[in-house]
Amino acid sequence: RELITQRMQTGQYTSGWGAVRSILQEDGPAGLLRGYTSTCLRDAPFMVLLFFSYEQFKSWKIRLTFADQGPAQVLSPWSDAETVLWGGVSGAIAGYLTTPFDVIKTQVMTATGRAMSFREAVRAVGPFGLFTGAGPRSAWWFCVCSIFFTTFERL
């Protein structure tokens, strides 16, 4: 799905089925997996950073707010506003710090012709290009994770 979406967004194809047919003709079934490794290398650190930072914010609040109170107060949930805020901040941090992986993934997936290596992808954008789109990506993940963690804490 990600490969087809990326290629359609860059104008390489006009329809999803057309993209699938073309990729299968040019690269065979393995072509549909182009960028799978780079997607995993983006998503795994994102999830680690997301949940680690969220739990650290919870721990920080417990230490600052409830240090002198009993266990019942320590285990009480955050307010909805706090969950929205800190869930969003966790998402924004994870989104920002994993932007270089996302940029590399996009370069690998949208390369025409032979498959592009990670090294070639980094060379193509340069060191400063690795953070292209970091602001919008962080804002997007702030919004998504604000909703996600609020739901996560309530279910």
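Describing the packing of helix 5 (residues 80–97) against helix 6 (residues 99–110)
- As a packed pair, helix 5 and helix 6 sit with axes 4 Å apart at the nearest point and diverge in direction by 50 degrees. Taken together, the axes of helix 5 and helix 6 lie oblique to each other. Between helix 5 and helix 6, the contacting residues are Gly95, Tyr96 and Leu97 on the first element and Thr99, Pro100 and Phe101 on the second.

A look at the environment of serine 59
- As for its placement among the helices and strands, serine 59 is situated in helix 3 (residues 36–65).
- A sequence separation of 27 residues divides serine 59 from leucine 32, and the C-alpha atoms of the two residues are 42 Å apart.

A look at the pattern of salt bridges
- All told, the structure shown has 11 salt bridges when counted by the stated rule.
- Notably, a salt bridge pairs glutamate 82 with lysine 61, separated by 2.8 Å at the nearest N-O pair. Separated by 21 residues along the polypeptide, glutamate 82 in helix 5 and lysine 61 in helix 3 bring together distant segments of the chain.
- Its relative accessible area of 14% is what places lysine 61 among the buried residues.
- Measuring nitrogen to oxygen at the nearest pair gives 4.0 Å for the salt bridge that ties lysine 105 to aspartate 102. With lysine 105 and aspartate 102 both in helix 6, this residue pair falls three residues apart, about one helical turn.
- With a relative accessible area of 0%, lysine 105 lands in the buried category.
- Residue classification places aspartate 102 among the buried residues on the basis of a relative accessible area of 17%.
- In the salt-bridge network here, residues are joined through shared partners; they are Glu2, Arg42, Asp43, Asp102, Lys105 and Arg137.

Concerning the packing of aromatic side chains
- Counted under the stated rule, the structure contains 11 aromatic pairs.
- On the basis of an interplanar angle of 50 degrees and a centroid distance of 4.6 Å, the ring pair of phenylalanine 46 and tryptophan 141 is categorised as tilted. Taken together, the residues span a long stretch of sequence, with phenylalanine 46 in helix 3 and tryptophan 141 in helix 8 (residues 134–154) at a distance of 95 residues.
- Among the residues examined, tryptophan 141 registers a relative accessible area of 23% and is labelled partly exposed.
- Ring centres of phenylalanine 148 and phenylalanine 149 lie 4.9 Å apart, and the angle between their planes is 75 degrees; this geometry places the pair in the edge-to-face category.
- For phenylalanine 148, a relative accessible area of 35% puts it in the partly exposed group.
- For phenylalanine 149, a relative accessible area of 0% gives the class buried.

A closer look at helix 2 (residues 16–27)
- Here helix 2 spans 16 Å end to end across 12 residues, near enough to the 16 Å set by a 1.5 Å rise per residue.
- Of all the residues in helix 2, the buried ones are Gly18, Ala19, Ser22 and Ile23. In a view along the axis of helix 2, the buried residues occupy a sector of 125 degrees, so they form one face of it. Exposed residues pointing more than 90 degrees away from the buried face of helix 2 are listed as Trp17, Arg21 and Gln25.

The rules we used
- Residues numbered from 1 in each chain as written.
- Predicted model: local features only at pLDDT ≥ 70, side-chain atom pairs only at ≥ 80, totals over all residues.
- Heavy atoms only, no water.
- Axes fitted to C-alpha atoms, helices over the stretch in contact; angles between N-to-C directions.
- Helix = DSSP H or I, 4+ residues; strand = E, 2+ residues; numbered from the N terminus.
- Parallel < 35°, antiparallel > 145°, perpendicular 65-115°, else oblique.
- Contact = heavy atoms within 4.5 Å.
- Salt bridge = Lys/Arg side-chain N within 4 Å of Asp/Glu carboxyl O.
- Buried < 20%, exposed > 50% of the residue type's maximum accessible area, 1.4 Å probe, protein only.
- Phe/Tyr/Trp six-rings, centres within 6.5 Å; stacked < 30°, edge-to-face > 60°.
- Expected span 1.5 Å × (residues − 1).
- Arc of directions from axis to C-beta.

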